[in-house]
Amino acid sequence: MPILVVLVRLFERFLYIRNTRQNGLHPSVQVSIRTQSHNTAVYQVTHKQFSMSTAALERPKLLLLGDSLTQTSMEGWGGGLAHRYQRRADVLNRGMSGYNTRWYIEYAQHSGIWYEPGKIALTTIFFGANDASLADQNPHHHVPLDEYQANLKVLVAKTQESFPESQILLITPPPVHHEQRLIFQKQRYGDKATGILERTMESAGKYAEACKAVAKELDLHVLDLYTTMDYISTKRVMILSWNI
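The sections below set out a description of the structure shown in this document. (Residues numbered from 1 in each chain as written. Predicted model: local features only at pLDDT ≥ 70, side-chain atom pairs only at ≥ 80, totals over all residues. Heavy atoms only, no water.)

### Some points on the packing of helix H6 (residues 101-111) against helix H7 (residues 145-162)
Note the cut-off: Lines fitted to the C-alpha atoms define the axes, with helices restricted to the stretch that makes contact. Angles between their N-to-C directions range from 0 to 180 degrees. Secondary structure is summarised from DSSP: a helix means a run of H or I of at least four residues, a strand means a run of E of at least two, and numbering begins at the N terminus for each. Each angle receives one of four descriptions, namely roughly parallel if under 35 degrees, roughly antiparallel if over 145, roughly perpendicular if within 65 to 115, and oblique otherwise. In this scheme the handedness of a crossing depends on how the near helix is turned from the far one: anticlockwise by less than a right angle means left-handed, clockwise means right-handed. Contact criterion: two residues are considered in contact whenever any of their non-hydrogen atoms come within 4.5 Å of each other. Gly is placed with the polar residues, together with every amino acid not listed as nonpolar (Ala, Val, Leu, Ile, Met, Phe, Trp, Tyr, Cys and Pro) or charged (Asp, Glu, Lys and Arg).
Two numbers describe how H6 lies on H7: the axes approach to 9 Å, and their chain directions differ by 25°. In this view, H6 runs roughly parallel relative to H7, as classed from their interaxial angle. When the axes of H6 and H7 are compared, the crossing they make is left-handed. Together, Thr 101, Arg 102, Tyr 104, Ile 105 and Gln 109 of H6 and Glu 147, Tyr 148, Asn 151, Leu 152, Val 154, Leu 155 and Lys 158 of H7 make up the contact between the two elements. Residue composition of the contact of H6 with H7, grouped by class: six nonpolar, three polar and three charged.

Here is the structure:
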């Protein structure tokens, strides 16, 4: 599973750096709480109590941003990460099925994603499957190539601004299996299915290259899922069913 392997390596690097830093102890501190009656209550908080109360915030988090390939990933690679890092890190799945980069930027702005508390160790940005829909067959989801790249840069910038310690991994859209796509279309839309592909290998490939170009320009890690999955094309149907 290429996604899981890459994510594990990035996160292990973060843990190594984090564990080699010197961690100072929190001294006993006073916390003042002003009540509605305007009285001030002062509480003495010991280092042990402070550590226990902030344990959840100090635990590293893996933030997954994307479309349905992320939202449903708890059945596949996302769940694999949660299993591997149980008790060591929390996996936050913020995938939104059916979303393209344009919609997700708007959604993230108003959903509190950029205000996630705690230490975000790794953020995955996995978009393009919907953006790469053909403009004439599925204008609802289609995002022009140049806008797609600009939107990726916005998501990267917001991640860096909100979580400056986070590693960032861009993931390209996967290839499209034409025969399976038409079968899915028939199953979902029945007699209303057009029988015409609204997503193609060619279009997905262009968006994958665009994603890689953004990663190179911004000097970020990138997982070329399109090339990896196309290389093992004899297993492509099975892999896509796992949402990897």
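### A few points about the sheet that holds strand S4 (residues 90-95)
The strands making up a sheet associate through backbone hydrogen bonding, with each pair oriented either parallel or antiparallel. Formally: Should DSSP find at least two bridges between two strands, the strands are taken to pair.
Pairing is parallel across the open sheet formed by five strands, whose spatial order is S4-S3-S5-S6-S7. Two strands close off the open sheet at either side, each with one partner strand: S4 and strand S7 (221-223). Neighbouring strand axes in the sheet, compared pairwise and without regard to direction, differ in orientation by 20° on average. Bridging between strand S6 (residues 167-171) and S7 involves three bridges; their strand directions are parallel. Residue pairing across strands places Ile 171 opposite Leu 223, the latter belonging to S7. Together, strand S3 (61-66), S4 and strand S5 (120-126) form the strand contacts of helix H5 (residues 77-84), whose direction differs from that of S3 by roughly 175°.

### Overview of the packing of aromatic side chains
Convention followed: When the centres of two rings from Phe, Tyr and Trp lie within 6.5 Å, Trp using its six-membered ring, the rings pair. Their planes under 30 degrees apart give stacked, over 60 give edge-to-face, and anything left gives tilted.
Scanning the model with the defined rule gives seven aromatic pairs in all. Put simply, the rings of Tyr 99, Trp 103, Tyr 104, Tyr 107 and Phe 127 pair up and form one aromatic cluster.

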